[in-house]
Amino acid sequence: MANRHQVQEEHPLSRARRIALRAQGLDRGRPSVEQVTMRHVQQVVDRLGLLQIDSVNVLARAHLVPVYSRMGPYDPALIDRASARSPRRLVEAWAHVASFVPPHTLRLLAWRQRAYQEDSWGMIRDVPLQQAALVEDVRALLRERGPLTAAQVHELLEGAAIARVHWGWNWSDAKRVLEFLFFTGEVTSAGRNPAFERRYDLTERVLPPHVLAEPEPSKQDAVRELVRIAARANGIGSAQCLADYFRVRTQVALAAIDDLVDAGELVPSRVAGWDREVYRHRDAVAPRRSDACALLSPFDPLVFERRRLEELFGLRYRIEIYVPEAQRVWGYYVLPFLLGERIAALVDLKADRATGTLLVRAAHHPPTSASGAARARDGSDESAVVAALVPELRLAARWLGLDEVRIDPSGLGGDLVAPLHRELTAA
């Protein structure tokens, strides 16, 4: 593939990995702090730019884990406080799918909110045509009584019949209207209730006043800033990597990349083994080594762009939540285990809160892509991985308020289960 810009530097794959790990705040291990504070959480958010949201709670909510991976055990109530109390440090938006973002970033997404007819999906896009009267009713209700959950709006309006859609979600008409207003930015979440339901309210009552007072940027300026945030968070990446971070269409992102290259903020580069042009953020550096040791959410920004993950770490990784149980290979909720500068294991974990146990349902050496570097599988390497993984499992259990870690014999097993079991029982 021809380069669009003159390549200014070349990187071996190992250096590119270390650049990415430093940019993500994962190369130095966790800081030694007595207590993780809101300031520490803010540092992680500022570095990453977003926290992806997912409702699966088999271990912990997806947006909670990236902070843990970088800071260690902390009080998840800090995230609730940041997103549910004024002045908010986090608000919800369609960014990299549903995400928490800093309030200012919501303003950078206004162009997409206006373009809902092109960027949303059918059950959202068609709401103004199919439910115009209900849209007005929901607006009035939120203005008078918000914040409200979708169930509360449905009950108060008493007119939204349950309609099953092809994804299998039982969304009422009121929920569809709320999601339309959420997508278009007219309403947002004022926080989540204990059942993790959004409490919808008018965006003007949720955003901090100084953010509301900011002029809305043009699409060109907004996309440039989104790409800039993505470039800082990635450290190094292709145009697709930078576009995917906020789910900007690659063709739209290319003009912003050109501007940032011209300004010297992005350095056109080449990474050994990659068949596409990449860009290093001018402030991104490669540490001499990585001391990373962390379990990562399947939705962590380091791994959520799967092609980038495969190119950087030689790991072909697909989450199997939506795969029928009989067809799963690695497990239901599989966390990559980062050790040094490689993904050293894939671990399927479940928090059994009823028994106070962190269950290891499967543990595997990671699958290697055809282009990935060969992985050592001798006994010494396996022992080092297991010796590093066991303390991480115990630390995760402590963070989750669980008393012990044990192997779940009903899980898929895997080639690391036996040595993990020996290490757990020996200790």
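In case you missed it, the structure is sitting above this.
What counts as what
Residues numbered from 1 in each chain as written. Predicted model: local features only at pLDDT ≥ 70, side-chain atom pairs only at ≥ 80, totals over all residues. Heavy atoms only, no water. Core = buried A, V, L, I, M, F, W, Y, C linked by side-chain atoms within 4.5 Å. Buried < 20%, exposed > 50% of the residue type's maximum accessible area, 1.4 Å probe, protein only. Helix = DSSP H or I, 4+ residues; strand = E, 2+ residues; numbered from the N terminus. Contact = heavy atoms within 4.5 Å. Pairing = 2+ DSSP bridges. Axes fitted to C-alpha atoms, helices over the stretch in contact; angles between N-to-C directions. Parallel < 35°, antiparallel > 145°, perpendicular 65-115°, else oblique. Nonpolar A, V, L, I, M, F, W, Y, C, P; charged D, E, K, R; others polar. Phe/Tyr/Trp six-rings, centres within 6.5 Å; stacked < 30°, edge-to-face > 60°. Lys NZ or Arg CZ within 6 Å of the ring centre and 35° of its normal. Salt bridge = Lys/Arg side-chain N within 4 Å of Asp/Glu carboxyl O.

### Overview of the nonpolar core
In step 1: The biggest cluster of nonpolar side chains holds 94 residues, and the ones touching the most others in it are Tyr 74 and Leu 393.
In step 2: If one sorts the elements of this core by residue count, helix α19 (residues 379-399) sits on top with ten residues.
In step 3: Every residue in contact with Tyr 74, bar those within four places of it in the chain, is listed here: Val 36, Val 41, Leu 64, Val 67, Tyr 68, Ile 79 and Trp 399.
In step 4: Counting residues in hydrophobic clusters, the runner-up holds 24 residues, among them Val 278, Ala 292, Ala 294 and Ile 343.

### Let's talk about the sheet that holds strand β16 (residues 404-407)
In step 1: Spatial ordering of the open sheet is given by β12-β13-β14-β15-β16, a layout of five strands whose pairing is mixed. Only two strands of the sheet have a single neighbouring strand rather than two, namely β12 (293-295) and β16. Each strand axis lies, on average, 30 degrees off the axis of its neighbour in the sheet, ignoring direction.
In step 2: Where strand β14 (residues 342-352) meets strand β15 (residues 357-364), seven bridges bridge the pair, whose relative direction is antiparallel. Looking across to β15, one finds that Asp 348 is bridged to Ala 362.
In step 3: Running at roughly 145 degrees to β16, helix α20 (residues 417-426) makes contact with β15 and β16 of the sheet.

### A short note on the packing of helix α15 (residues 219-234) against helix α17 (residues 250-262)
In step 1: Two elements in contact, α15 and α17, have axes separated by 9 Å at closest approach and are oriented at 75 degrees. Put simply, α15 runs roughly perpendicular to α17. On α17, the residues touching Lys 219, Gln 220, Val 223, Arg 224, Val 227 and Arg 228 of α15 are Val 252, Ala 253, Ala 256, Ile 257, Asp 259 and Leu 260.
In step 2: Taken together, the residues of the contact of α15 with α17 break down into seven nonpolar, one polar and four charged.

### Here we look at the sheet that holds strand β4 (residues 97-101)
In step 1: Reading across from one edge, β2-β4-β3 is the order of the three strands in this open sheet, with antiparallel pairing throughout. Single-partner strands in this sheet number two, and they are β2 (51-52) and β3 (91-95).
In step 2: Of the strand pairs in this sheet, β3 and β4 are connected by five bridges, and their pairing is antiparallel. Directly across from Glu 92, in β4, lies its bridge partner Phe 100.

### Let's talk about the pairing of β4
In step 1: Counting buried residues along β4, four of its five residues qualify, which places the element largely inside the surrounding structure.
In step 2: By the bridge criterion, two bridges tie β2 to β4 in an arrangement that is antiparallel. Residue Leu 51 lies in a different strand from β4, and its bridge partner there is Phe 100.
In step 3: What sits between the antiparallel neighbours β3 and β4 is a turn of one residue.

### Some remarks on helix α18 (residues 306-313)
In step 1: With respect to burial, α18 is a largely interior element, seven of its eight residues being buried.
In step 2: Next to the buried residues of α18 lie α1 (13-23), α15, β9 (236-238), α16 (239-244), β13 (334-339) and β14.
In step 3: A positive phi of about 65 degrees marks Gly 314, the residue just after α18.

### Some remarks on the packing of aromatic side chains
In step 1: By the definition in use, this model includes four aromatic pairs.
In step 2: A centroid spacing of 5.7 Å and a plane angle of 70 degrees characterise the contact between Tyr 245 and Phe 246, whose relative ring orientation is edge-to-face.
In step 3: Judged by centre distance (5.5 Å) and plane angle (55 degrees), the rings of Tyr 245 and Phe 304 are tilted. You can see Tyr 245 sitting in the loop between α16 and α17 and its partner Phe 304 sitting in the loop between β12 and α18, a full 59 residues away along the chain.
In step 4: On the basis of relative accessibility, which here comes to 1%, the residue Tyr 245 falls in the buried class.
In step 5: Three or more aromatic residues link up through ring pairs in this structure, and these residues are Tyr 68, Tyr 74 and Trp 399.
In step 6: Arg 192 extends its terminal NZ or CZ atom over the ring of Phe 196, reaching a point 4.3 Å from the ring centre.

### Remarks on the pattern of salt bridges
In step 1: Taken as a whole, this structure holds 29 salt bridges when the rule is applied.
In step 2: Asp 27 serves as the salt-bridge partner of Arg 22, at 2.8 Å between the closest nitrogen and oxygen. By the burial criterion, Arg 22 is buried, and Asp 27 matches it.
In step 3: Put simply, Asp 291 and Arg 289 hold a salt bridge, and the shortest N to O gap is 2.7 Å.
In step 4: Residues joined in a network through salt bridges with shared partners are Glu 92, Lys 175, Glu 179, Arg 192 and Arg 198.

### Overview of unusual backbone geometry
In step 1: Note that the residue after Ser 86, namely Pro 87, is joined by a cis bond; omega there is -10 degrees.
In step 2: Secondary-structure assignment places Pro 87 in the loop between α4 (77-84) and β3.
In step 3: A cis amide bond links Gly 146 to the next residue, Pro 147, at an omega of 5 degrees.
In step 4: Relative to the assigned elements, Pro 147 resides in the loop between α10 (132-145) and α11 (150-157).
In step 5: Unusually for a residue other than glycine, Phe 196 sits at a positive phi of about 65 degrees.
In step 6: Considering the arrangement of structural elements, one finds Phe 196 in the loop between β7 (187-192) and β8 (198-202).
In step 7: A positive phi angle is found at Arg 247, which is not glycine, with a value near 55 degrees.
In step 8: In this fold, Arg 247 is placed in the loop between α16 and α17.

So far we have only geometry, and geometry alone does not tell us how the molecule works.
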